[in-house]
Amino acid sequence: DAGVIQSPRHEVTEMGQEVTLRCKPISGHDYLFWYRQTMMRGLELLIYFNNNVPIDDSGMPEDRFSAKMPNASFSTLKIQPSEPRDSAVYFCASRTSGSRDEQFFGPGTRLTVL
Amino acid sequence: AQSVAQPEDQVNVAEGNPLTVKCTYSVSGNPYLFWYVQYPNRGLQFLLKYITGDNLVKGSYGFEAEFNKSQTSFHLKKPSALVSDSALYFCAVRDWVDKLIFGTGTRLQVFP
């Protein structure tokens, strides 16, 4: 099992540019979570999906952030336009509905907005 | 609302000594508590969980956690620390539905 796959692993962009982060959950997992980790705010849940449907996006910081899950094996988190304060490590995690406890995290995408 | 608190930003311990990483919780109803570990440049990994049953829960890599209802605590412990245990440790609680609410994390540093 390849685990949760995220791409890119590192992204450096300039303020105002569009950024797209990608995630492939573990096959068979029907829950997908997007988190953001910063020194100041720790680990924050941004949004999560169940069976490709967004369930709770209350953690999305503002309209510049959007997330989609067009199918069971792919999700994107888009920031447009990006700002320096968006610099963080973004994690994707997945789990099955049968296991409400253990989430499997990807390696993360380190985003730097200059 | 469900929440957890990790009062220590960092814990330092010598290799071979016992370690404790503290966590307290605030929940309505029965608590569902977890510990995750994050090694450098990696995502979080599940260590152990408490749902019900024995107050002492055993997990991966020789870690265990003690659930104490009267003190609303769920401290992570290990009898003998290894340098390779150095990492960031997160306590978490499950909310009413599907989300995990994570603490702020405690950095464990084990010195040779």
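Residues numbered from 1 in each chain as written. Chains lettered and ligands numbered in written order. Predicted model: local features only at pLDDT ≥ 70, side-chain atom pairs only at ≥ 80, totals over all residues. Heavy atoms only, no water.

Q: Got a minute to help me understand the interface of chain B and chain A in this structure?
A: For interface size, the figure often reported is the accessible area lost on association. Across the contact, 19 residues belong to chain B and 20 residues belong to chain A. In total, about 1600 Å² of surface goes out of reach between chain B and chain A, with carbon and sulfur atoms giving 46% of it. Inspection of the chain B/chain A interface yields one salt bridge. The closest approach of N and O atoms between Lys99(B) and Asp56(A), which form a salt bridge, is 2.9 Å. Run the count over chain B and chain A and you get three residue pairs in polar contact (both at pLDDT 80 or more). Secondary structure elements with two or more residues in the side of chain B that touches chain A: strand S5 (33-38), strand S6 (44-50), strand S10 (87-94) and strand S11 (100-102) of chain B. Residues of the side of chain B that touches chain A, tallied by class, amount to eleven nonpolar, three polar and five charged. (Contact = heavy atoms within 4.5 Å. Buried area = accessible area lost by both parts, 1.4 Å probe. Salt bridge = Lys/Arg side-chain N within 4 Å of Asp/Glu carboxyl O. Polar contact = N/O pair within 3.5 Å; in protein donor to acceptor, adjacent residues only side chain to side chain. Helix = DSSP H or I, 4+ residues; strand = E, 2+ residues; numbered from the N terminus. Nonpolar A, V, L, I, M, F, W, Y, C, P; charged D, E, K, R; others polar.)

Q: So what exactly am I meant to see when it comes to the pairing of S6(B) here?
A: Each regular strand shows side chains that alternate between the opposite faces of the sheet. Residue and element names in this part refer to chain B. The element S6 is largely enclosed, with a buried count of five among its seven residues. Bridge count between S5 and S6: six bridges; the pairing is antiparallel. Along S6, the bridge assignment pairs Phe34 with Lys49. The turn joining S5 and S6, which pair antiparallel and follow one another in sequence, is formed by five residues; a positive phi near 60° is taken by Asn41. (Buried < 20%, exposed > 50% of the residue type's maximum accessible area, 1.4 Å probe, protein only. Pairing = 2+ DSSP bridges.)

Q: Help me understand the nonpolar core, please; the structure alone is not making it clear to me.
A: A general tendency of soluble globular proteins is for nonpolar side chains to be buried together. Ranked by size, the top nonpolar core spans 27 residues in total, and within it Trp35(B), Leu47(B), Leu48(B), Phe74(B), Leu76(B) and Tyr89(B) carry the most contacts. Examining the composition of this core, we find that four residues originate from one element, S10(B), more than from any other. Other than its neighbours up to four places away in sequence, Phe74(B) contacts Cys23(B), Leu33(B), Phe34(B), Trp35(B), Leu48(B), Lys49(B), Tyr50(B), Ala65(B), Glu66(B) and Phe67(B). Of all hydrophobic cores here, the second largest spans 21 residues; its members include Ile26(A), Leu32(A), Phe65(A) and Leu111(A). (Core = buried A, V, L, I, M, F, W, Y, C linked by side-chain atoms within 4.5 Å.)

Q: Mind showing me how you'd approach the state of the cysteines here?
A: Should the sulfur atoms of two cysteines be covalently bonded, the bond is a disulfide. Throughout the structure, instances matching the rule amount to two disulfides over all chains. Across a sulfur-sulfur distance of 1.9 Å, Cys23(A) and Cys92(A) are joined as a disulfide pair. Looking down the S-S bond of the Cys23(A) and Cys92(A) bridge, the torsion is -65°, so its handedness is left-handed. One end of the pair, Cys23(A), is in strand S3 (residues 19-24); the other, Cys92(A), is in strand S9 (residues 88-95), with 69 residues separating them in the sequence. Of the two residues, Cys23(A) and Cys92(A), neither departs from the other in class, the shared state being buried. Disulfide partner of Cys23(B): Cys91(B), at an S-S distance of 2.0 Å. With the S-S dihedral at roughly -65°, the linkage between Cys23(B) and Cys91(B) falls on the left-handed side. Within this pair, whereas Cys23(B) is found in the loop between strand S3 (19-21) and strand S4 (24-26), its partner Cys91(B) is found in strand S10, the two being separated by 68 residues in sequence. The same class applies to Cys23(B) and to Cys91(B), which are both buried. (Disulfide = S-S within 2.5 Å.)

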